[in-house]
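# Residue-level structure breakdown
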Amino acid sequence: MKKTLLITGGAGFIGSHVVRLFVNKYPDYQILNLDALTYAGNLENLKDIENAPNYTFIKADITDAAGINKIFNTYNIDGVIHLAAESHVDRSITDPNAFIQTNVMGTANLLNAAKESWKGNFEGKRFYHVSTDEVYGSLGETGFFLETTPYDPQSPYSASKAASDHFVRAYGNTYGLPFVLTNCSNNYGPNHFPEKLIPLFINNIRNNKPLPVYGDGKYTRDWLYVVDHARAIDMVFHTGKNGETYNIGGFNEWQNIELVKLLCTKMDEKLGREPGTSAQLISYIKDRPGHDRRYAIDATKIKTELGWEPSVTFEQGLDITIDWYLNNQEWLDHVTSGNYQSYYQKQYAH
Ligand code: NAD
Ligand code: DAU
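Since this is a predicted model, take the numbers as computed values, not measurements.

### Considerations on the pairing of strand β6 (residues 179–184)
- In terms of burial, β6 is largely enclosed, as six of its six residues are buried.
- What you see with β6 is no split at all: Phe-179, Leu-181 and Asn-183 on one side and Val-180, Thr-182 and Cys-184 on the other are buried throughout.
- When strand β5 (residues 126–132) meets β6, the two strands line up parallel, connected through six bridges. Note on β6: the bridge partner recorded for Phe-127 is Phe-179.
- Assessed by its sense of winding, the connection that carries the chain from β5 through helix α5 (residues 156–175) to β6 is right-handed.
- The pairing of β6 with strand β10 (residues 245–248) spans four bridges and is classified as parallel. The residue bridging Leu-181 from the neighbouring strand is Thr-245, located in β10.

Structure follows, in structure tokens:
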């Protein structure tokens, strides 16, 4: 069936994997990739599909309401998969306004444009909002986030994502806008910007730079390979029920320090270093303010209702990821030149 889909944030980490999957898997769909190309957006991520006949890139900013309306007036959009966001917690601590603008106002602009352009005729239409498990706050040593867990965001990033989730549900409830929403755990994989833990530490190990572990290193995250997230988005977009929320995660919890040690071991092997060499780079530094202690997703609903589960183990996913970074030094050099250096100096000054 022919469809025109607007994917926002498609030049970013997760978005580029979603765009690739949809362009390759659905040749009858017209895929519009809308992205402002902030520091985190990079068209190099999509070199392999940039000339595909069913793919169009649109450089636009979701905070520009008039520009977004124009896009909805130009194209006959059937579905939106909304990933564009400011996504890094540390940046939200130093510059919360950018998160309010993009994540809250930008999402509202998309909702308004979809509502106006669909004019109450919602047959075959769908607004998919991609969100995070961080909206649920922090867990103690046990328990999981369920779809029914009350929201309790703790950082400016998670507060802005929580606000955007509320707006999506409110438009569904008030105007009947057909939506689905997913809350996913920490992703890792190729094309991840090296400000986040895994790609930052791979890059630093390779360059023999200190590995800045926040606080006591015993914070816990639940890691999912990015392609498995993209597969889940495909499944929820096509088979999820209107108005429903699905949690996505890999039942794969790691304390940061244990994950960092595993990365060091694997990097020693791959770089032909003596065992224990990279671990000497571990350096405990000042904690992130308001740092959430533990995240863990219960992904039972998406498995039992839609049949989704991860396709790779953490070991396999990490191997693919490390190999990708080691084989794509040029990509790393491009994204770590310029502004990245000043961000790094400021973030890790102490
Ligand atoms: P990312 O930072 O790698 O990419 C974000 C993309 O959005 C970039 O291409 C950027 O250019 C674009 N963008 C930013 N501001 C924009 C604006 N104003 N207008 C248009 N485009 C803009 O982020 P990511 O890690 O790929 O995350 C994508 C989405 O998934 C986000 O909504 C994030 O909250 C959510 N999410 C991420 C994770 C994770 O672990 N990375 C987990 C769960 C949910
Ligand atoms: O849970 C989903 C979220 O995961 C997404 O919504 C966010 O967009 C994504 O950035 C990610 O947020 P985190 O804050 O969990 O990811 P980050 O990679 O920044 O940090 C992971 C853990 O590692 C966290 O406990 C902080 C710690 N950390 C991170 C960095 C960058 C360090 O100890 N040192 C570091 O230098």
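### Section: the site of ligand 1
- With respect to spatial proximity, 28 residues lie near ligand 1, and among them Ile-14, Asp-35, Ser-87, Tyr-157 and Lys-161 are the closest.
- With the chains in place, 96% of the 840 Å² that ligand 1 exposes on its own is no longer accessible.
- Elements represented by at least two residues in the shell around ligand 1 include exactly α1 (13–25), β5, α5 and β7 (186–188).
- Among the elements that make up the shell around ligand 1, the one with the highest residue count is β5 (three residues).

### Looking at unusual backbone geometry
- Phi angles above zero are rare outside glycine, and Asn-191 is one such case at about 70°.
- Note that Asn-191 resides in the loop between β7 and α6 (197–206).
- In this model, Asn-208 sits at a positive phi of 55°, which is unusual for a non-glycine residue.

### As for empty space enclosed by the protein
- On inspection of all chains with the given rule, the structure shows one cavity of 30 Å³ or more.
- Its volume calculated, the largest cavity comes out at about 60 Å³.
- Tallied by class, residues from the lining of the largest cavity come to three nonpolar, three polar and four charged.

### Comments concerning the site of ligand 2
- Around ligand 2, the structure places 26 residues, and the nearest of them are Asp-133, Tyr-157, Arg-288, His-291 and Tyr-348.
- Contacts to ligand 2 include Glu-134, whose side-chain N or O atom sits 2.8 Å from an oxygen atom.
- Note that an oxygen atom of ligand 2 is positioned 2.7 Å from one of the side-chain N or O atoms of His-291.
- In the complex, the protein chains occlude 94% of the 690 Å² of accessible area that ligand 2 would expose alone.
- Counting only elements with at least two residues in the shell around ligand 2, the list comes to α3 (89–94), α6 and β8 (211–214).
- When grouped by side-chain class, the residues that make up the shell around ligand 2 number 12 nonpolar, seven polar and seven charged.

### Some details on the packing of α6 against helix α10 (residues 314–327)
- In contact at an axis separation of 11 Å, α6 and α10 are set at 50° when each is read in the N-to-C sense. Overall, the two elements α6 and α10 adopt an arrangement that is oblique. By crossing handedness, the relation of α6 to α10 is classed as right-handed. Judged by residue contacts, Ile-198, Pro-199, Ile-202 and Arg-206 of α6 engage Leu-318, Thr-321, Ile-322, Tyr-325 and Leu-326 from α10.
- Residue composition of the contact of α6 with α10, grouped by class: seven nonpolar, one polar and one charged.

### Observations regarding the nonpolar core
- In terms of nonpolar packing, the biggest core is built from 40 residues, with Phe-22, Ile-81, Tyr-128 and Ile-302 touching the most fellow members.
- When contributions to this core are tallied by element, the ones reaching two or more residues are β1 (3–8), α1, β2 (29–35), β5, β6, α7 (226–239), β10 and α9 (300–306).
- Ignoring any residue separated from it by four or fewer positions in sequence, one finds Ile-81 in contact with Leu-5, Leu-6, Ile-7, Thr-8, Phe-22, Tyr-128, Val-130, Ile-233 and Phe-237.

Parameters and conventions
- Residues numbered from 1 in each chain as written.
- Chains lettered and ligands numbered in written order.
- Predicted model: local features only at pLDDT ≥ 70, side-chain atom pairs only at ≥ 80, totals over all residues.
- Heavy atoms only, no water.
- Buried < 20%, exposed > 50% of the residue type's maximum accessible area, 1.4 Å probe, protein only.
- Helix = DSSP H or I, 4+ residues; strand = E, 2+ residues; numbered from the N terminus.
- Pairing = 2+ DSSP bridges.
- Right-handed = clockwise from strand over helix to strand, strands pointing away.
- Near = heavy atom within 4 Å.
- Areas by Shrake-Rupley, 256 points an atom, 1.4 Å probe, with all protein chains shown as cover.
- 1 Å grid on protein atoms, 1.4 Å probe; cavity = no way out; pocket = protein on both sides within 12 Å on 5 of 7 lines; lining within 4 Å.
- Points joined across faces, edges and corners; volume = space filled by probe spheres on them.
- Nonpolar A, V, L, I, M, F, W, Y, C, P; charged D, E, K, R; others polar.
- Polar contact = N/O pair within 3.5 Å; in protein donor to acceptor, adjacent residues only side chain to side chain.
- Axes fitted to C-alpha atoms, helices over the stretch in contact; angles between N-to-C directions.
- Parallel < 35°, antiparallel > 145°, perpendicular 65-115°, else oblique.
- Left-handed = near helix turned anticlockwise from the far one by under 90°.
- Contact = heavy atoms within 4.5 Å.
- Core = buried A, V, L, I, M, F, W, Y, C linked by side-chain atoms within 4.5 Å.

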